[in-house]
Each structure stands twice: as C-alpha cells, then as structure tokens.
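Commentary on secondary and tertiary structure
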Amino acid sequence: MNKWDAATYTSVAQSILDHAGRKGIEPLKYVCKAHKFNKKGAIRVPKIGYRGDS
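Notes on the structure in this doc start here. Computed from a prediction, not measured in an experiment: that's the story for all the values here. Position labels on residues start from 1 in each chain and follow its written sequence. For a predicted model such as this one, the threshold for reporting local features is a pLDDT of at least 70, and the threshold for listing and counting side-chain atom pairs is 80 or more; totals across whole chains, interfaces and linings nevertheless cover every residue. For the side-chain quantities, the full set of heavy atoms in the structure was used; hydrogens and water were omitted.

**Description of the overall build of the protein chain**
Quick reminder of the rule: Comment: elements are numbered from the N terminus, with helices defined as DSSP H or I runs of at least four residues and strands as E runs of at least two. Classification of residues uses two cut-offs on accessible area relative to the type maximum, computed with a 1.4 Å probe and protein chains only: under 20% is buried, over 50% is exposed, and between them is partly exposed. Using a 1.4 Å probe, the Shrake-Rupley method yields the accessible areas, and only the shown protein chains count as cover for residues.
Looking only at helices and strands, one finds two helices and zero strands in the protein chain. With 54 residues in all, the protein chain has 11% of them scored as buried. Just so you have it, the protein chain exposes about 5200 Å², and 56% of that area is on carbon and sulfur atoms.

So, in structure tokens, the structure goes:
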C-alpha cells in the first residue's frame, strides 16, 4: 500500500476499497492483482482519440 497513491480519495485504503468494490473483487485480491500486473507488456491508452466515434 505504500506504493499506492490516494489520488482524489482521503486515504489509500479508501481508494482500494472503492475500486475493489466496483470491480466486485475482495480488496486483498485486488491489491495482489495490481502488484502482479506486468507493466512491461502494457500499452497506455490515450484519454482521447482511441475510439473511432470520439
């Protein structure tokens, strides 16, 4: 959790609980999946211009 950013939430824990709840995953499993995520193969999608219908 020390590598996590709270962003617009009041705490890191609140951010994790909210995101895990929206995805329907237990918070501990959510953190484990995020930790194991392979960034080397990831492609960043721009906020605009990635869909043909804008």
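**Comments concerning helix α1 (residues 12–23)**
Three or four residues apart is the spacing at which side chains of an α-helix point the same way, because the helix has 3.6 residues per turn. This is how the line gets drawn: Multiplying 1.5 Å by the residue count of a helix minus one yields the expected span of that helix. Here the arc refers to the set of directions running from the helix axis out to each C-beta atom. Contacts: residue pairs with any heavy atoms within 4.5 Å of one another.
Over its 12 residues, α1 extends 17 Å from the first C-alpha to the last, a length consistent with the 16 Å expected when each residue adds 1.5 Å. Every buried residue of α1 is listed here: Val-12, Ser-15, Ile-16 and Ala-20. Buried residues of α1, viewed axially, fall in a sector of 120°; they line one side. Opposite the buried face of α1, at more than 90 degrees from it, the exposed residues are Leu-17, Gly-21 and Arg-22. Buried residues belonging to α1 abut α2 (27–36). Within two residues after α1, Gly-24 carries a phi angle of roughly 75°, on the positive side.

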